[in-house]
Amino acid sequence: FKVARVETTPYNDQKPGTSGLRKKVKVFKQPNYLHNFVQSSFNALTTAKVRGATLVVSGDGRYFSKDAIQIIIKMAAANGVRRIWVGQNGLLSTPAVSAVIRERVGSDGSKASGSFILTASHNPGGPNEDFGIKYNMENGGPAPEGITDKIFENTKTIKEYLIAEDLPDVDISAVGITSFTGPEGQFDVDVFDSASDYVKLMKSIFDFQSIQKLLSSPKFTFCYDALHGVAGAYAKRIFVEELGAQESSLLNCVPKEDFGGGHPDPNLTYAKELVARMGLGKSSCQDEPPEFGAAADGDADRNMVLGKRFFVTPSDSVAIIAANAVQAIPYFSGGLKGVARSMPTSAALDVVAKHLNLKFFEVPTGWKFFGNLMDAGLCSVCGEESFGTGSDHIREKDGIWAVLAWLSIIAYKNKDNLSSNKLVTVEDIVRQHWATYGRHYYTRYDYENVDAGAAKELMAYLVKLQSDLTEVNKIVKGIRSDVSNVANADEFEYKDPVDGSISKHQGIRYLFKDGSRLVFRLSGTGSEGATIRLYIEQYEKDSSKIGRDSQDALAPLVEVALKLSKMEEFTGRSAPTVIT
Ligand code: VG1
Ligand code: CO
């Protein structure tokens with residue numbers, strides 16, 4: 001093939017957000033839009049990470065992925081990349097990409113040094129929906145801000161990109177290596193099985209035999225919903241073929257370009273079918289619900305865990321995994337190096353860390369901050385309130401890992417009574433946890449697609465308010481006299497303990513004397529308008545008060561949050577788009 005230099009002009013909207021660049025497909029389809037971003041990414045990397053390198057290119061299979069993969073292959077060839085690895089049909093979950101970068105060795109001994117992941121994660125897909133691209137580094141984690149800032153700078157000045165226009169499209173539906181010859185020698189495209197590296201890694205972490213025993217016990221019933229995302233490519237292999245779950249326990253496990261028209265976000269609003277099957281929500285099924293249910297998002301890095309008629313908050317989930325990991329999961333049998341959560345995630349994990357005397361870190365939203373801690377050997381288990389849970393086995397959150405962690409814990413709690421007909425259920429495990437550590441009532445209100453100007457004004461108003469706590473408390477008491485005092489208010493700022501980098505403006509916090517918190521942030525993953533996220537949390541140690549309905553328990557704080565922020569005045573919204 002030949003290398004063509006193609007002239008181009010910059011776009012001014014290619015700033016990567018919390019997790020890469022996410023835009024409507026029609027934005028990505030503008031002339032050279034994807035090309036500019038890919039070339040800007042190559043230009044942001046050191047030469048050694050491009051020339052002669054091995055890169056992974058794959059994603060959640062959403063609409064436009066197949067076109068994008070062919071474009072990236074041709075551009076990689078022209079930029080001197082030696083090899084491109086592609087999951088069969090272009091499918092690799094985000095955690096599987098991370099695993100492949102860290103674990104896979106090519107037939108010629110090659111190792112990957114980075115990856116383009118093609119996904120807009122939990123955003124819907126299809127011709128009128130979202131596409132996304134992000135770059136992951138040699139450690140298998142998202143590019144740090146230093147790199148994403150450079151990519152953005154490059155997109156603003158780009159003048160040309162390199163492409164092997166005459167390279168034929170590669171058939172990515174069949175496993176195998178295709179070789180080409182370019183001006184600098186050989187270039188290979190290696191299409192490989194999407195699941196095997198990841199399955200191998202999972203088998204090295206968990207005790208598959210004990211999970212298999214649990215799944216084969218008649219008193220334990222199981223259900224998994226991939227929401228037509230890429231998790232489907234793993235669910236059958238792991239849950240059915242390896243662990244012996246019944247095929248009928250898999251819902252929506254055929255990956256689709258448009259996620260079947262749904263919103264591939266595993267929460268109580270969007271995972272409707274699973275929620276009904278689990279006996280939650282209004283339209284619940286007649287049949288006896290399964291004992292355990294879980295769902296994933298489009299790229300399978302998120303998870304929702306449910307018990308029979310019972311919802312596990314993601315903040316509780318990571319705390320419970322941390323509390324039980326050493327006993328229940330062989331990978332952690334030597335102990336935990338430390339634990340970490342994102343700032344808006346509830347403090348349930350903090351209490352476990354304190355109790356078990358573990359190193360603890362609070363980082364800004366987004367997975368890239370956990371990676372540095374893990375690379376430095378400071379953190380084993382981490383999580384976010386946004387249905388993200390994971391560990392240092394890779395450098396991304398991991399939806400299927402979280403499910404296997406929960407199944408391991410359930411298997412462990414039932415190891416002595418699997419033959420009796422009593423089961424220690426998901427709900428039992430969570431209630432026992434609350435009884436030991438106290439309960440963090442928690443809810444998140446999302447206001448999606450709000451006018452961007454109005455959202456900024458609301459945030460600016462809240463920052464301004466913070467300068468005078470006496471005034472804040474006067475307002476708060478005027479709204480509800482039964483909530484505690486605001487003891488502190490700030491904008492969260494993080495200094496990375498490993499590389500010393502500072503991230504500012506990571507969310508506005510109102511911290512109450514009794515440990516309650518209100519947090520306001522703007523989303524960094526949307527593709528249109530602004531999304532305001534409001535996080536509300538209240539800690540209850542008194543065991544007689546831990547069994548309340550969480551929306552009831554939080555009602556006073558919610559009222560304070562909405563009135564204090566003048567939410568309706570600024571946004572015109574009387575209710576959030578989604579409550580989780
Ligand atoms: C959201 C979540 C955040 C998560 C991010 C990426 O970001 O709040 O916790 O890490 O999505 O998840 P934001 O900036 O919109 O609040 V995924 O599964 O979309 O890659
Ligand atoms: Co995701």
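The structure displayed is predicted, hence computed values, not measured ones.

Comments concerning the domain arrangement of the protein chain
Now for step 1: What the domain assignment lists for the protein chain is domain 1 (4–194), domain 2 (198–433) and domain 3 (439–579).
Now for step 2: For domain 1 versus domain 3, the distance between C-alpha centres works out to 37 Å.
Now for step 3: Taken together, the contacts link 10 residues of domain 1 with 7 residues of domain 3.
Now for step 4: When the two sides are added together, the surface that domain 1 and domain 3 hide from each other amounts to roughly 610 Å², 37% of it contributed by carbon and sulfur.
Now for step 5: For the domain 1 face of the interface with domain 3, the top three residues by lost area are Thr18, Arg22 and Lys24, together amounting to 54%.
Now for step 6: At the junction of domain 1 and domain 3, the tally comes to 0 salt bridges.
Now for step 7: Inspection of the region where domain 1 meets domain 3 yields 0 residue pairs in polar contact (both at pLDDT 80 or more).
Now for step 8: The element contributing the most residues to the side of domain 1 that touches domain 3 is strand β2 (residues 21–24), with 3 residues.
Now for step 9: Across the side of domain 1 that touches domain 3, the residue classes tally to no nonpolar, 5 polar and 5 charged.

What about the sheet that holds strand β8 (residues 176–182)?
Now for step 1: Overall, mixed pairing links the 7 strands, which are arranged β2-β6-β5-β3-β4-β9-β8 in an open sheet. Looking at which strands have only one partner, the edges of the open sheet turn out to be β2 and β8. Mean inter-strand twist for the sheet, computed between neighbouring axes without regard to direction, equals 15°.
Now for step 2: Bridge count for strand β3 (residues 54–59) against strand β4 (residues 83–87) is 3 bridges, and the pairing is parallel. Paired with threonine 54 across the strands is arginine 83, a residue of β4.
Now for step 3: Most of the contacts of helix α4 (residues 94–103) go to strand β5 (residues 114–118), to which it runs at about 165°, and overall it touches β3, β4, β5, β6 (130–136) and β9 (185–192).

Thresholds applied
Residues numbered from 1 in each chain as written. Chains lettered and ligands numbered in written order. Predicted model: local features only at pLDDT ≥ 70, side-chain atom pairs only at ≥ 80, totals over all residues. Heavy atoms only, no water. Domains from an automatic or database assignment. Contact = heavy atoms within 4.5 Å. Buried area = accessible area lost by both parts, 1.4 Å probe. Salt bridge = Lys/Arg side-chain N within 4 Å of Asp/Glu carboxyl O. Polar contact = N/O pair within 3.5 Å; in protein donor to acceptor, adjacent residues only side chain to side chain. Helix = DSSP H or I, 4+ residues; strand = E, 2+ residues; numbered from the N terminus. Nonpolar A, V, L, I, M, F, W, Y, C, P; charged D, E, K, R; others polar. Pairing = 2+ DSSP bridges. Axes fitted to C-alpha atoms, helices over the stretch in contact; angles between N-to-C directions.

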